[in-house]
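Structural characterization, general
This is what each chain is made of:
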Amino acid sequence: MMSTDTDERIDLVGLTREELVGELARLGEKPFRAKQLWHWIYHQGETDFAEMTTLSKDFRAKLAETHKVSRPGVATEQTSIDGTRKWLFRLADGKEVETVHIPEEDRGAVCVSSQVGCTLACKFCHTGTQPMVRNLTPGEIVGQFMAARDSYGEWPSPSDGSRNLSNIVMMGMGEPLFNYENVAKALTIVMDGDGIALSKRRITLSTSGIVPEIERCGAELGVNLAISLHAVRDDLRDELVPINKKWPIAELLDACRRYPTSSNARRITFEYVMLKDVNDSDADAHELVRLLKGIPAKINLIPFNPWPGAVYECSSNNRIHRFAEIVNDAGYSSPVRTPRGRDIMAACGQLKSASERARKFSERAQTA
Ligand code: SAH
Ligand code: SF4
């Protein structure tokens, strides 16, 4: 049995500033109340109306009857030996998503999911083998980040920049540009200067290449862009990243050339998963360099993370380093991403799979 939340009060988390003003107007409250509430919710991280002491007692009591400030429930939380932390969050309808925190010396990125599952079926990605369940709401997207903050006790939002949760990467489960409206609302909330106040430079959105939405994302959000490229020829990319049949490499790279970051010294990241004997030859590396000519780019070489049933293997270390060398020699930064949190299966792109399996096993055990 899946547990569902029976609390039907309206969640304030996930409403934009305008929506919050509207919600309070319905209760007969003036717009400045929205500003105060916003500060409590997104700067202080407060979830209990009773603690919001700048608001009148009556107003607090009235709000608590009809509204709530919620968080996704934590189903499990695991911390890897390298410090990577992974949460499995249970949403109000019982569905689950995973979120990962990847700590670094003086900062840390939270890898956030945008959908439960994914409608696309990239052949090397485990999320793609799961049936798509649904889009996440703005509140569920922001909620992942806020719950991660709870876990580190990092409230109020540090004014001098956060050490643990300084960046967001939209690289968890799902294709964020297929849930554009909700992702855009969530990121607008996160960027609001009176609350969490993350700058757009600290946010990266990763996409498999939904060309029309890339343009919108650039114009409306201006966050950093990462492209899951993975292949330099259309025939191969059609196979690995099937959305390529709709928006092939040339169109995708044109959209990248038009992306606003590429004109103000910020680079676009190209993700390239290293698949043995599939996309990892010297010729592939040279072609990659040729394709990216004129785009301010950084190339992330990602060692393939195998999962049970995957048809691919990861390229050898030597191969990956030779590939990196060619790309580097052409003047592109091409870090090889060291896999983090392997012991807790925290690699982006294979989120949820392990817990899903574990649950299926326990369900079977219960019905046996
Ligand atoms: N849907 C978006 C964002 C989520 S996937 C996208 O595709 O960009 C985040 C990244 O993880 C993508 O670059 C994806 O290609 C990569 N990835 C997926 N499965 C992987 C695996 N098994 N090993 C390594 N990287 C993987
Ligand atoms: Fe979806 Fe991204 Fe995985 Fe492709 S790589 S199936 S777009 S999550």
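Since the model is a prediction, treat every value here as computed from it, not as a measurement.

**Quick word on the overall build of the chain**
Counting its regular elements, the chain contains 11 helices and 13 strands. Taken over the C-alpha trace, the chain has a radius of gyration of 21 Å; the compact-globule value for 368 residues is 21 Å, and the two agree within 12%. Across its three principal axes, the chain shows a C-alpha extent of roughly 70 × 60 × 40 Å. Across the 368 residues in the chain, those meeting the buried criterion constitute 53%. Counting contacts in the chain only where the partners sit at least 6 residues apart, residues at least 24 apart contribute 66% of the total.

**Topic: the nonpolar core**
By size, the foremost hydrophobic cluster in this structure holds 98 residues, and its most contacted members are Leu37, Phe124 and Phe270. In this structure, this core is formed jointly by two domains, domain 1 (10-68) and domain 2 (73-363), each of which donates at least three residues. Apart from the residues lying within four places of it in its own chain, the contact partners of Leu37 are Leu12, Leu20, Leu24, Phe49, Met52, Leu55, Phe59 and Leu63. In terms of nonpolar packing, the next biggest core, distinct from the first, is built from 6 residues, Val100, Ile102, Val169 and Ala226 among them.

**As for the packing of aromatic side chains**
Summed over all chains, the structure comprises 5 aromatic pairs. Seen in terms of ring centroids, Trp87 and Tyr152 are 6.5 Å apart; in terms of plane orientation they differ by 75°. Their pairing is edge-to-face. Note that Trp87 is positioned in strand β4 (residues 85-90) and Tyr152 in helix α4 (residues 138-152), a separation of 65 residues in sequence. Judged by relative accessible area, Tyr152 falls into the partly exposed class, the value being 22%. Among the aromatic residues, those joined into a cluster by ring pairs are Trp87, Phe89 and Tyr152. A cation over a ring is seen here: Arg149 above Trp155, with NZ or CZ 5.2 Å from the ring centre.

**With respect to helix α3 (residues 57-66)**
All of the buried residues in α3 are Phe59, Arg60 and Leu63. In a view along the axis of α3, the buried residues occupy a sector of 100°, so they form one face of it. The exposed residues of α3 that point more than 90 degrees off its buried face are Lys57, Asp58 and Glu65. Elements in contact with the buried residues of α3: α1 (17-26), α2 (31-44) and β2 (67-68).

**As for the domain arrangement of the chain**
Parsing the chain into structural domains produces domain 1 (10-68) and domain 2 (73-363). Taking only C-alpha atoms into account, the centre of domain 1 sits 33 Å from that of domain 2. Taken residue by residue, the interface counts 14 residues in domain 1 and 13 residues in domain 2. The contact between domain 1 and domain 2 buries some 1200 Å² in all, and 59% of this surface belongs to carbon and sulfur atoms. Across the domain 1-domain 2 interface, the total number found is 4 salt bridges. Between Glu19 and Lys185 there is a salt bridge; the shortest N-O distance is 2.6 Å. Where the side of domain 1 that touches domain 2 is concerned, the elements lending two or more residues are α1 and α2. Counted by class, the side of domain 1 that touches domain 2 contains 5 nonpolar, 6 polar and 3 charged residues.

Parameters and conventions
- Residues numbered from 1 in each chain as written.
- Chains lettered and ligands numbered in written order.
- Predicted model: local features only at pLDDT ≥ 70, side-chain atom pairs only at ≥ 80, totals over all residues.
- Heavy atoms only, no water.
- Helix = DSSP H or I, 4+ residues; strand = E, 2+ residues; numbered from the N terminus.
- Rg over C-alpha atoms; globule rule 2.2 N^0.38 Å.
- Buried < 20%, exposed > 50% of the residue type's maximum accessible area, 1.4 Å probe, protein only.
- Contact = heavy atoms within 4.5 Å.
- Core = buried A, V, L, I, M, F, W, Y, C linked by side-chain atoms within 4.5 Å.
- Domains from an automatic or database assignment.
- Phe/Tyr/Trp six-rings, centres within 6.5 Å; stacked < 30°, edge-to-face > 60°.
- Lys NZ or Arg CZ within 6 Å of the ring centre and 35° of its normal.
- Arc of directions from axis to C-beta.
- Buried area = accessible area lost by both parts, 1.4 Å probe.
- Salt bridge = Lys/Arg side-chain N within 4 Å of Asp/Glu carboxyl O.
- Nonpolar A, V, L, I, M, F, W, Y, C, P; charged D, E, K, R; others polar.

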